[in-house]
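A look at the structure
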Amino acid sequence: MNKLRLIIKREYLAKVRNKSFIVMTILSPILIVGMIVLIAFLTDINDSEKRVLAVLDQSDYFKKEFQATSSTSYVQLNDISLEAAKDSTITMGFYGLIYIPKGKNLEQATNGVYLFTQDNPNTHVIGAMESIFQKRLRQERLEELGVSSEQFSGIEKQFEINLATFDGEKSVKGINEIKAFIGGMFGYAIMMFIIIYGGFVMRSVIEEKTSRIIEVIIASVKPFQLMLGKIIGTSLAGITQFAIWIVSASLLLFIVVLVFDIDLGAIAADTSMASPAMQGMPQIDGEMMLYAKEILNIPWVLLVGSFLVYFILGYLIYSSIYAAIGAAVDNETDTQQFIFPIILPLMLAIYIGFFSVFSNPHGPIAVGFSLFPLTSPIVMLMRLPGGIGEGGVPLWQLLLSIVLLIITFWGIVSLAAKIYRIGILMYGKRPTYRELFRWLRY
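Residues numbered from 1 in each chain as written. Predicted model: local features only at pLDDT ≥ 70, side-chain atom pairs only at ≥ 80, totals over all residues. Heavy atoms only, no water.

This part takes up the overall build of the protein chain. Per the secondary structure count, the protein chain includes 17 helices and 4 strands. Entry remark: accessible area of the protein chain is about 25,200 Å², with carbon and sulfur atoms responsible for 64%. (Helix = DSSP H or I, 4+ residues; strand = E, 2+ residues; numbered from the N terminus. Areas by Shrake-Rupley, 256 points an atom, 1.4 Å probe, with all protein chains shown as cover.)

Now the structure itself:
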């Protein structure tokens, strides 16, 4: 036990005293805050651009339809030919020209509508134009059936169903997606930590193996103790770095926003960048209060506690595999054939987890991936913001997931230790998968 403690201390101090570790610990928060500020700045510039469209309406059916918005304005062209309108649009530097030809009726006129632009038009602009013509066509068709403009306005009024639980509490639309998104951020943090610091473990093993230092260390320490010490020591250094990043980046972002009066809300306002879970959220104060209440009602203690458990077990499992790979090869180039099978379950957990939990957090795919040990640290955290018990994750699923993780950890560490024990002293040959399986039988 004392030897394990010494190895952990040695690995921890070796990492935190490394120049690159110190530089990245200082530089990363600055880069993160700079990236956020840059995105906010560029988004603000992008949103400030106002498109101007010329309208040549020879049909007189659309005199009132083209109303200016915050992002688009219209200039009516009258009594000129199409070619003259095109020349005027190009000369004035307008975004495009909407041409509506004459027609015996509205249907015939709209069939000949064109949007002329210099380049391929933005899909947002196309959608807005199509919506204008679709609304006018719908109105005309209803008027032919005897529906007045006032009645049409009532028909067009959007319907939103009232949501409530059986207990009588009012609920809100999209809250399950938002909860899954919050849990997904915890899972994403685990994935990034595993990829970054698992790689550190692997490179540390390769470095000591190629420098032959390992031959001296292995004489007084068991391979299992050395591997476990490296994993724990590196993870503690990583946690230290992450903690410094979070605190320093938060303080730096607060200072930058306060001093330069930067509007970070511009990022959320850009619907092209907003997540699917956040789109369509209402702007009504009362409903926003319901959203805030639902988010505050998330079992944060359970979520944070589960995050720590899944973080520790998930990292130990994957870092053991990274350590075994580092022991099996002589240089970092040879690790490429083994890395993708490690990252694949993490990628599946993120992408399939989001799709399955968003649509049905209690469906067979979501439940299966939240129990499978190589994906459960991410997918289960996506489901946990819904709580435990009725309406949330059944307690037995949470406990079974943790038990399976512990069993998997013990099994993978035992297997990784066998590869580590044999591979750490082998040089000059890159092992194949068949040879690795043979080492597991020794």
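The structure having been displayed, the exposition proceeds.
Helix packing for two helices is described by the angle between their axes and how far apart those axes are. Axis separation between helix H14 (residues 364–371) and helix H15 (residues 376–383) bottoms out at 7 Å; the angle between their running directions is 130°. Taken together, the axes of H14 and H15 lie oblique to each other. For H14 against H15, the interelement crossing comes out left-handed. Of the residues in H15, those touching H14 at Ala366, Val367, Phe369, Ser370 and Leu371 are Ser376, Val379, Met380 and Arg383. When grouped by side-chain class, the residues that make up the contact of H14 with H15 number 6 nonpolar, 2 polar and 1 charged. (Axes fitted to C-alpha atoms, helices over the stretch in contact; angles between N-to-C directions. Parallel < 35°, antiparallel > 145°, perpendicular 65-115°, else oblique. Left-handed = near helix turned anticlockwise from the far one by under 90°. Contact = heavy atoms within 4.5 Å. Nonpolar A, V, L, I, M, F, W, Y, C, P; charged D, E, K, R; others polar.)

The next point concerns the sheet that holds strand S2 (residues 72–77). An order of S2-S1-S3-S4 is seen for the 4 strands of this open sheet, with the pairing classed as mixed. Looking at which strands have only one partner, the edges of the open sheet turn out to be S2 and strand S4 (114–117). Geometrically, the sheet is characterised by an average inter-axis angle of 25° between neighbouring strands, direction not taken into account. Direction of pairing for strand S1 (residues 51–57) relative to S2: parallel, over a ladder of 6 bridges. (Pairing = 2+ DSSP bridges.)

Once that is clear, we can look at the side chain of Ser376. If you trace the backbone, Ser376 turns up in helix H15. Of note is the side chain of Ser376, whose polar atom sits 3.4 Å from the backbone oxygen of Pro373. Each residue touching Ser376, except ones within four places of it in the same chain, is listed here: Tyr310, Phe369, Ser370, Leu371, Leu381, Ser401 and Leu405. (Polar contact = N/O pair within 3.5 Å; in protein donor to acceptor, adjacent residues only side chain to side chain.)

In terms of nonpolar packing, the biggest core is built from 68 residues, with Met227, Leu381 and Tyr420 touching the most fellow members. Elements represented by at least two residues in this core include exactly helix H7 (175–210), helix H9 (223–260), helix H12 (300–328), helix H13 (336–359), H15, helix H16 (395–423) and helix H17 (433–439). In terms of residue count, H12 provides more of this core than any other element does, 15 residues in total. Contacts of Leu381, omitting those with residues within four sequence positions, involve Gly183, Phe186, Gly187, Ile190, Leu303, Ser306, Phe307, Tyr310 and Ser376. Core analysis: the next-biggest nonpolar cluster, separate from the first, contains 14 residues, Ile98, Ala109, Met129 and Phe133 among them. (Core = buried A, V, L, I, M, F, W, Y, C linked by side-chain atoms within 4.5 Å. Buried < 20%, exposed > 50% of the residue type's maximum accessible area, 1.4 Å probe, protein only.)

Turning next to the pattern of salt bridges. One pass over the full model with this rule turns up 6 salt bridges. As a salt-bridge pair, Arg10 and Glu11 come within 2.9 Å of each other at their nearest N and O atoms. A single network of salt bridges, built from pairs that share partners, joins Arg10, Glu11, Lys15 and Lys230. (Salt bridge = Lys/Arg side-chain N within 4 Å of Asp/Glu carboxyl O.)

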